[in-house]
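Residue-level structural notes
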Amino acid sequence: MRIVTIIGARPQFIKAAVVSRAIKAHNAQSTSIIEEVIIHTGQHYDPNMSEIFFEEMNIPKPNYNLNINGKSHGKMTGEMLFSIEDVLLETKPDWVLIYGDTNSTLAGALAAAKLKIPVAHVEAGLRSFNRQMPEEINRLIADHVSSLLFPPTQTAVNNLVNEGIEKNLENVGDVMYDASLFYREESKNKSKILKDLNLKKGNFILSTCHRAENTDDINRLKNILEGLAEVSKDTSIILPLHPRTKAIIENNGLQELTNLLTVIEPVSFLDMIQLEENAKMIITDSGGVQKEAYFFKVPCITIRDETEWVETVEAGWNKIVGADKTRIIDAVQTTDFNKPWQELYGDGHAGERIVKILLG
């Protein structure tokens, strides 16, 4: 069997590492070998947010690197669609495996579907119900052209059923939970981020901000930064800053607010695990970081108006506050650190299940 894996953005490298490892384990034990061909679209082009993941996480190097980035949504997706189609015609895979909700996801889904190649979508069924988000459009279309869907939770299954997709759904659990468990011990041994920043468990707040809904609206971004600046008077805030967000802050004269925070370059996944696991709490607009906060039993405050990970909110570990300065401050001050925790995202074996199901 030949599988083409399409990735292009930081979270997808991490998710793909889980399934690649499961494929490698299968090949070591079976005569029915799976060949994995990896296409990296190049959507994340900063070396700190791309190349380091292949090295650090022992992901097989991409067979194809399309180097498509830094363009509008339409142009980027169109160029990816054109280039991915060429690779699929050349490689003739049995399956195309896509992850998440990026432009790379959408382009891969469309290219394969139009060539009548079965598409398997890992992390299917997530919905924010906000169609102003590019990611919502990407995931909706990807789900509806996929032949096999791997929703990570029962909520995601329910979303798909409500849209009329009732067949070929496999709730395998969340590959990010697999990744977090697998790399947790390695991060303790390899990461020196806590020492480098002179941090101790529970004496800092971790924050991330990169979503277009926050960074492209200067009023929202200003309110978020003002909230963080106020919170930082009591607890230091570590802010790994996405290059795009950093440029917007500088271009709009908001550096004075970030001067009150500890701003650092984007970090590797192993460093991020250490920051997440040891933070007092996390303030983020990242879907992945919301989940990882839950995995590590760290309270989360989400600076969006909605979340795809409603389970974390229902369990009491995540508060949705939007881009409201007052609500951010209030949420930090009223967070409950003693909530019961339950296994919401599977048992850490999602990657193995995906490979088994693809083999039929």
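Scoring rules and cut-offs
Residues numbered from 1 in each chain as written. Predicted model: local features only at pLDDT ≥ 70, side-chain atom pairs only at ≥ 80, totals over all residues. Heavy atoms only, no water. Helix = DSSP H or I, 4+ residues; strand = E, 2+ residues; numbered from the N terminus. Expected span 1.5 Å × (residues − 1). Buried < 20%, exposed > 50% of the residue type's maximum accessible area, 1.4 Å probe, protein only. Contact = heavy atoms within 4.5 Å. Polar contact = N/O pair within 3.5 Å; in protein donor to acceptor, adjacent residues only side chain to side chain. Pairing = 2+ DSSP bridges. Axes fitted to C-alpha atoms, helices over the stretch in contact; angles between N-to-C directions. Parallel < 35°, antiparallel > 145°, perpendicular 65-115°, else oblique. Left-handed = near helix turned anticlockwise from the far one by under 90°.

What follows concerns helix α5 (residues 134-145). With 12 residues, α5 ought to run about 16 Å at 1.5 Å a step, and its terminal C-alpha atoms sit 17 Å apart, in line with that. For α5, the complete set of buried residues consists of E135, E136, N138, R139, L140, A142 and D143. On the buried face of α5, the contacting elements are β4 (95-99), α4 (103-114), β5 (119-122), β6 (148-150) and α6 (154-162).

This brings us to α4. Compared with the 16 Å implied by 1.5 Å per residue over 12 residues, the 17 Å span of α4 between its first and last C-alpha is a close match. Counting buried positions along α4 gives nine out of 12 residues, so the element sits mostly inside the fold. Within the span of α4, buried status applies to N103, S104, T105, L106, A107, G108, A109, A111 and A112. As for α4, its buried residues are in contact with β1 (2-7), α1 (10-29), α3 (73-91), β4, β5 and α5. Looking at where α4 begins, the residue whose side-chain oxygen comes 3.2 Å from the main-chain nitrogen of S104 is T102. At the C-terminal side of α4, K116 shows a positive phi close to 60°.

Bringing the sheet that holds strand β9 (residues 262-264) into the picture now. The strand order β9-β8-β7-β10-β11-β12 describes an open sheet built from six strands, whose pairing is parallel. A single partner strand is all that each edge strand has here, and the edge strands are β9 and β12 (318-320). Within this sheet the neighbouring strands show an average axis-to-axis angle of 20°, counted without direction. Pairing between strand β7 (residues 204-208) and strand β10 (residues 281-284): four bridges, direction parallel. Bridge pairing links I205 to M281 in β10. Against the sheet, helix α13 (residues 269-278) touches β7, β9 and β10, its axis set at about 130° to β7. Where helix α14 (residues 287-295) meets the sheet, its contacts fall on β7, β10, β11 (300-302) and β12, and the angle it forms with β10 comes to roughly 165°.

A separate point is the packing of α4 against α5. Contact geometry of α4 with α5 gives a least axis separation of 9 Å together with a crossing angle of 25°. With respect to their mutual orientation, α4 and α5 come out roughly parallel. For the crossing formed where α4 meets α5, the hand is left-handed. Within the contact between the two elements, α4 uses N103, T105, L106, A109, L110 and A113 and α5 uses N138, I141, A142 and V145.

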